[in-house]
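Coordinates in review
Here is how the chains run, residue by residue.
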Amino acid sequence: MAHPEAERLDTLMAVLMAYIRDVCCVDGSFHAERTKELYKDLLSVFDKLILPTHASCHVQYTLFYLCSFKLALAEAFLDHLWKILQNPSQPAILRQAAAGYLGSFLARAKFVPVLTVRACLDLLLTWIHRYIDSQDNSCKQVCCDISLHGPFYAACQAVFYTLIFRHRAILEANMKKGLEYLQSLNLERVVMCQLNPLKVCLPSVTNMFAAVTRKYQVVFCYTIIEKNNRQVLPVVRSSAGGDGVTTNTNPLDSFFPFDPYLLKRSGQLIEPLYQVWDEPAETDLLPAKVAQQVLKEDEDDFLSGETPHGEGMLGMTPSSYGSNICSPSSVDSPSMAHHGAFKF
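Okay, so let's go over this structure. All values derive from a computational prediction rather than experimental measurement. (Residues numbered from 1 in each chain as written. Predicted model: local features only at pLDDT ≥ 70, side-chain atom pairs only at ≥ 80, totals over all residues. Heavy atoms only, no water.)

1. Quick word on the overall build of the protein chain
- Within the protein chain, the regular secondary structure consists of 16 helices and four strands.
- Working note: accessible area of the protein chain is about 16400 Å², and carbon and sulfur atoms make up 53% of it. (Helix = DSSP H or I, 4+ residues; strand = E, 2+ residues; numbered from the N terminus. Areas by Shrake-Rupley, 256 points an atom, 1.4 Å probe, with all protein chains shown as cover.)

Structure representation (C-alpha cells):
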C-alpha cells in the first residue's frame, strides 16, 4: 500500500485474519467450540467499538471473515444485527448503523445463501409494514422526517440495497417463483407510503432499485423519484471561499461497512468471499439519462464498474474511505415486535 497508515493497517489485518484462521481450523478441521468463543469475543468488540464508530474502515471485516467459516456464524451475526435494529430501547443511531451492517452483509457476503437472504428480507419487510401500519393508525400527521423515523429509513435502504445485489440469485433458480416472492414483499406499499423512503435513501441506491424493480415489473418508482427531485431544496453554505449551493444527497448520513476492501495483502483472503458489482450487465437497467446522472454523482463500485485504487477510493457512500467523520443526529421510532430470529 502506498500510504504508510494503509500499509500498517493491511499488515495488522493480515495478522488478525491469520489468527482467526488458526483458531477456527486445527489440523485442517473446523473447531466449533474455539470458534464460538472467538465469535463471542469479537462480537463484544463489535458492539463496544466498531458498531458505534461511523464509517469504520476495514476493521469490521474481521467479523465478515470469521462468519465465512460456518453458516451458523453468519446467521448469528445477522440475528444480532436484527435484534439491535428492531429494539426501540437501543439508541436510534445504533439501530441505523445495524441496518447498514445488515444490508451490506447480505449484499456482499457470497457465503450467505439465498434462503438466508430471503429469511432476512421477510423479517425486515414484516417490520417495515408494521411500522407503516403504526403510522397510518396514529392520529398524527405522517411526514418524511428523519429525526423521527431514522431506523425505518435505514431498514428500507437495507432492503433496497440487498435486492440490488441479490435479486438475480433470488430469481435464477425459478423465475416464476422468484417473481412471486418479490411481489409478496409488497414493495409498492413501502415505496408509496407517506413516509416516502425513496426521498431519504442514497440516490445511487434509489436509482438502481428503481431500475431493477422496473425491469421485473415489481414496482414502479420513477414517478416518485421525479416528484422528490422537484422538491429537493438546495442548501447554501458559507465558507472562506464564498457561498456555495449544495444538495444533501445523504440525509441519513449512512454508509455501507462492507464496501470494497482495498487493502492488498489481507484483501486476498476477502476476495473469494466477496460479492462484487456486475456493472456491465446492471447499468443496462438504467434509463440513459438516469444512468449518466448516477454514474457522475456516485462512486460505488457497483456504479463505476471497477474498484478504484490509491487515494480517493470511495465506496457506496461519500464517507466510506478516507472521509469526513460525522454522526447522524440522534433519532427514535415507535416500538415494533420481534418477528422471529436465527439461532446459534
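There's plenty left to go through after this.
2. Some details on the packing of aromatic side chains
- The full count for this structure, using the stated rule, is 23 aromatic pairs.
- Seen in terms of ring centroids, F160 and F209 are 4.1 Å apart; in terms of plane orientation they differ by 25 degrees. Their pairing is stacked. On the criterion of sequence distance, the pair formed by F160 in helix α7 (residues 146–172) and F209 in helix α11 (residues 203–215) is long-range, its members being 49 residues apart. Exposure class is identical for F160 and F209. Each is buried.
- Among the aromatic residues, ring-to-ring pairing joins F46, Y61, F64, F77, Y101, F105, F111, F255, F258, Y261 and Y274 into one connected group.
- It is R118 that lies over the ring of Y181; its NZ or CZ is 3.9 Å from the centre. (Phe/Tyr/Trp six-rings, centres within 6.5 Å; stacked < 30°, edge-to-face > 60°. Buried < 20%, exposed > 50% of the residue type's maximum accessible area, 1.4 Å probe, protein only. Lys NZ or Arg CZ within 6 Å of the ring centre and 35° of its normal.)

3. Describing the nonpolar core
- Ranked by internal contacts, the top residues of the largest apolar core, which has 100 residues, are F64, F105, F152 and F209.
- The greatest single-element share of this core, amounting to 13 residues, is contributed by α7.
- Those residues in contact with F64 that sit more than four places away from it in its chain are F105, R108, A109, F111, F258, I270, L273 and Y274. (Core = buried A, V, L, I, M, F, W, Y, C linked by side-chain atoms within 4.5 Å. Contact = heavy atoms within 4.5 Å.)

4. Quick word on the pattern of salt bridges
- Taken as a whole, this structure holds five salt bridges when the rule is applied.
- Notably, a salt bridge pairs R189 with D133, separated by 2.3 Å at the nearest N-O pair. Taken together, the residues R189 in helix α9 (residues 187–192) and D133 in helix α6 (residues 114–136) connect sequence positions 56 residues apart.
- Salt bridges linked by common partners bring E7, D10 and R265 together as one network. (Salt bridge = Lys/Arg side-chain N within 4 Å of Asp/Glu carboxyl O.)

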